[in-house]
Amino acid sequence: MVRVVVSGASGRMGREVVRAVTREKDLELVGAVDVSHIGEDCGVLAGLEPNGVLVADDLSALLEEFKPDVMVDFTAPTAVAKNVICALEAGVRPVIGTTGMPAADLERIMRLAEERRIGGLVAPNFAIGAVLMMRFAAMAAKFFPTVEIIELHHDQKIDAPSGTAVQTAEMIAAVREDFRANTGREELKLAGARGAEYRGGLRIHSVRLPGLVAHQEVLFGGQGQTLTIRHDSITRESFMPGVILAIRRVMGLDRIVYGLDKLIFE
């Protein structure tokens, strides 16, 4: 049995993780941490029968008491690095779904994991379809001269652009480091209307609206043609197969890897 703690268990993604882990016969939910709903049964919060796992507010103490194998973190950009360092120092493997982590924090936890030879995963997106969308976009970037990324999320998402959009841009840049968009002549435009420029004309547009979950399309333009690659997560359940896969696979890693694609394709 792989023993799992969920950090951010009271949130929307955290409750989905609680439900997903509970369904798996080879996984055992042993702890739940959050800054809200402290003392409440996380099973009830997730819409399940009571499971006796109460939401705690002290991650360090919980890790010491229950000694889990894996910590799944869906919290906030300001909290995730501290949580992951706490887990690594306790010998617990992190599966990180929180996006918006500063690059310096990501580098720090990767170094610490490598020093301690503890496996883990940082994934901007756990939906298998989104991982394929990013891989297809990197393939298409070799054949089209221009590309723009539009990502759309619910209005409660804090970071913009999304981690998925950033990873998509990174994957495109990796195969097209000379990427330069043919922007044409400069025209008067409203500040920000063209989105954020990632590199050499590659732009990312972020949309935040109620009613959305997680959506992204990558638009390519070429001579006399366009190509659109799009992925839509209609519900948060779409992320759970990837989360469960990650929980199992990090048990065999000795470092933190970035992107679910590393566990699927490599």
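Relevant structure appears above.
A quick note: this is a predicted structure, and the numbers were derived from the prediction, not measured.

According to the stated counting rule, one finds 13 salt bridges in the structure shown. Two residues, Arg248 and Asp26, come together in a salt bridge whose shortest N-O distance is 2.8 Å. With a gap of 222 residues between them, Arg248 in helix H8 (residues 240-249) and Asp26 in the loop between helix H1 (12-23) and strand E2 (27-33) connect regions that are remote in the sequence. For Arg248, a relative accessible area of 36% gives the class partly exposed. Salt bridges sharing partners connect three or more residues here, namely Glu24, Asp26 and Arg248.

Each regular strand carries side chains that alternate between the two faces of the sheet. Looking at chain direction, strand E10 (residues 214-222) and strand E11 (residues 225-233) are connected through nine bridges and run antiparallel. Counterpart to Phe220 in the pairing with E11 is Leu227. Connecting E10 to the next strand, E11, in antiparallel fashion are two residues, including Gly224 with a positive phi near 70°.

Looking now at the nonpolar core. Grouped together as the largest cluster of nonpolar side chains are 57 residues, with contacts concentrated most on Val72, Leu121, Phe126, Phe220 and Ile247. Residue contributions to this core peak at seven residues, all from helix H6 (residues 128-140). Ignoring sequence-local partners within four residues, the contact set of Leu121 consists of Pro94, Val95, Ile96, Phe126, Ala246, Val250, Ile256, Val257, Gly259, Leu260 and Leu263. Formed by 23 residues, the second largest nonpolar core is a distinct cluster that contains Val5, Val30, Met101 and Leu106.

For the rest of this paragraph, the subject is the sheet that holds E10. The five strands are arranged E8-E9-E7-E10-E11 in an open sheet whose pairing can be described as mixed. Looking at strand neighbours, the two that pair on one side only are strand E8 (196-199) and E11, the edges of this open sheet. For this sheet, the mean inter-axis angle between neighbouring strands, taken without regard to orientation, is 20°. Packing against the sheet, H6 makes contact with E10 and E11, and its axis sits at approximately 165° to E11. Contacts between helix H7 (residues 163-175) and the sheet are confined to strand E7 (146-153), E8, strand E9 (202-208) and E10, with E7 contributing the most and set at about 165° to the helix.

A separate point is the sheet that holds strand E6 (residues 120-122). Pairing within the open sheet is parallel, and its seven strands lie in the order E3-E2-E1-E4-E5-E6-E12. Unpaired on one side and paired on the other, strand E3 (55-56) and strand E12 (256-258) mark the two borders of the sheet. Direction of pairing for E6 relative to E12: parallel, over a ladder of three bridges. In the sheet register, Val122 faces E12, and the bridge partner there is Tyr258.

Calculation criteria
Residues numbered from 1 in each chain as written. Predicted model: local features only at pLDDT ≥ 70, side-chain atom pairs only at ≥ 80, totals over all residues. Heavy atoms only, no water. Salt bridge = Lys/Arg side-chain N within 4 Å of Asp/Glu carboxyl O. Helix = DSSP H or I, 4+ residues; strand = E, 2+ residues; numbered from the N terminus. Buried < 20%, exposed > 50% of the residue type's maximum accessible area, 1.4 Å probe, protein only. Pairing = 2+ DSSP bridges. Core = buried A, V, L, I, M, F, W, Y, C linked by side-chain atoms within 4.5 Å. Contact = heavy atoms within 4.5 Å. Axes fitted to C-alpha atoms, helices over the stretch in contact; angles between N-to-C directions.

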